[in-house]
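# Analysis of the macromolecular model
One-letter residues, chain by chain:
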Amino acid sequence: MIGLISATSAGAAARDRLAAAWPERVRVYDGPVGDAVRRAFAECEQLVCFLATGAVVRLVAPLLGDKTSDPGVVCVDEGGRFAVSLVGGHGGGANELAREVGELLGAAPVVTTATDAVGVPGLDTLGFPVAGDVAGVSRALLDGEPVALRAELDWPLPPLRVGAEGAYTIRLTDRLVEPAEREVVLRPPSLVVGVGASKGAPVEEVLTLVTEALRDAGLSPESLAELATVDAKADEPGIVEAAERLGVPLVTHSADALAAVEVPNPSDAPLAAVGTPSVAEAAALVGGGELLVPKRKSQRADGQPAMVTCAVVRRPGRGRLAVVGLGPGARDLLTPRAKAELRRASVLVGLDQYVDQIRDLLRPGTRVLESGLGAEEERARTAVAEARKGQAVALIGSGDAGVYAMASPALAEASDDIDVIGVPGVTAALAAAAILGAPLGHDHVSISLSDLHTPWEVIERRVRAAAEADIVVTFYNPRSRGRDWQLPKALAILAEHRQPSTPVGVVRNASRPDESSRLTTLGALDPATVDMMTVVTVGNTATRDIAGRMVTPRGYRWQASQEDAK
């Protein structure tokens, strides 16, 4: 929860804007400011104070305890010009909150955390448990001193200024080790513990077995990613509570899935009880990996038979491919999720002109693999290959990467050996529609007129089907120097079913500085005025030009009532 505190009418107005935008995230604190800050500090994860920074410093100073548990505090000035991350930049999330507040209020975020200020990932923000000389190694990264990366397992990381040698070290391991001098230890979630249990097995017996198995194998419990078991044990109280205490999810698998996993120590007992010859080993191995601790039984102080078994597997580090849609070009139409993926990536793959649009958002050290027009399949193969090396890769495309862009060739290359994340973007059709009015208010279809990859016969059949079905059509790739006849042909097909007065919207470079648009008709459109940077939207028989805006009604009843009113 985010506590909101203000003292003046101007501050209250800005406060209310946040409250309206984030109704589920915020709580307004009224009353004397000092009391409000103290209550919010005790009750909330974050605070936004519409007060002078000096006043907030004096109010929160006596309340500060530990940076790992204190709430993040952001100050917004009286004029709403700046959102200042004051306390808890990383641990309390104040840096990101300042950016969110700034974006919503039109204020400039002020972040003074050294790593964030220069674009270097904070070692305590990578999503892994971290221990050791965080301050010293971070300072070395900032100062450009040699820092070595000792990765004992492959795991996707954001770009870090590291090499093979250095006076400082970042060690990536799931081993139970103490950091050395001038060393930071990062522990990725690489370990899966499979658990089998008899009905009524005590939670303490489960926890004792799991922790001892990890300790005896020299493995860190901070690298534990999940407990895994069979579906039949999904509600077993001892296993459920053990997962909660360990702070990891409980993942269950069907007996059939576990029975298909080859294990070194099958048994007749679980086969009779739950339908699979192995629970602990099979549940740990079902997603692949290296068996580090074979099936192990608990030992009970009362001498009774063991009620719990477990096995430990190190799952392989999976590369990460984010397919990112950049939107139509305007920076404010680039989504926050897309920005986050760009900053997370250690490798960026994209068309050179799209890379230029977002180069300033990349972290220092990001490896950029760019190429020119016509190399889509090569870029897709490159991105997948880099992800298979264990890298965190962002493959970029304009608009939405899944619409006439890079997602389909990339996913055609990818298999289930990497993680793929789709990041949606604002399409050219949507950007153009917003400029024109509401042409896509009813059923609509997008059709590319480029026959470089699709035979014209197929394209023509689709255009004819849309024409006969009276569907609004948006044409992508409508015309180029080498393809000047396809658009006239497509328009002629539509004209067989629609009046010459049918509204047509033409938008070039939607959302970019040289954007242009015009509303014309099917009979008046000159195809020679259209190029590859243009989107052409042709209305259906109900689409109208209303006050210079292209509007397709949501239903014909609405249109009929409008006509009757005339």
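The sections below set out a description of the structure shown in this document.

Reading the values: rules and limits
- Residues numbered from 1 in each chain as written.
- Predicted model: local features only at pLDDT ≥ 70, side-chain atom pairs only at ≥ 80, totals over all residues.
- Heavy atoms only, no water.
- Buried < 20%, exposed > 50% of the residue type's maximum accessible area, 1.4 Å probe, protein only.
- Helix = DSSP H or I, 4+ residues; strand = E, 2+ residues; numbered from the N terminus.
- Polar contact = N/O pair within 3.5 Å; in protein donor to acceptor, adjacent residues only side chain to side chain.
- Contact = heavy atoms within 4.5 Å.
- Pairing = 2+ DSSP bridges.
- Axes fitted to C-alpha atoms, helices over the stretch in contact; angles between N-to-C directions.

## A look at unusual backbone geometry
With a phi close to 50°, N509 is a non-glycine residue in the positive phi region. With a phi close to 75°, S511 is a non-glycine residue in the positive phi region. Since its relative accessible area comes to 18%, S511 is described here as buried.

## Quick word on the side chain of T534
For T534, the location among the structural elements is in strand β26 (residues 534-538). When its relative accessible area of 3% is taken as the criterion, T534 is described as buried. Among the polar contacts listed, one links the side chain of T534 to the side chain of D531, at a separation of 2.8 Å. Not counting chain neighbours up to four residues away, the residues in contact with T534 comprise F475, P478, V506, V507 and R508.

## Brief notes about the pairing of strand β10 (residues 183-186)
The two faces of β10 match: E183 and V185 on one face and V184 and L186 on the other face are all buried. Where strand β7 (residues 130-132) lies against β10, three bridges are found, and the strand directions are antiparallel. Across the sheet, residue V130 finds its bridge partner in β10, namely L186. With four bridges joining them, strand β9 (residues 168-172) and β10 adopt parallel strand pairing.

## Section: the sheet that holds strand β14 (residues 290-297)
Strand order in this open sheet of five strands is β13-β12-β11-β15-β14, and the pairing throughout is mixed. In this open sheet, the two strands that pair with only one neighbour each are β13 (250-253) and β14. Taken pair by pair, the neighbouring strands of this sheet meet at an average axis angle of 25°, ignoring direction. Note: strand β12 (residues 224-230) against β13, four bridges, orientation parallel. Counterpart to L227 in the pairing with β13 is L250. Taken strand by strand, helix α7 (residues 203-216) contacts β11 (191-197), β14 and β15 (308-314), and its axis lies near 35° from that of β15.

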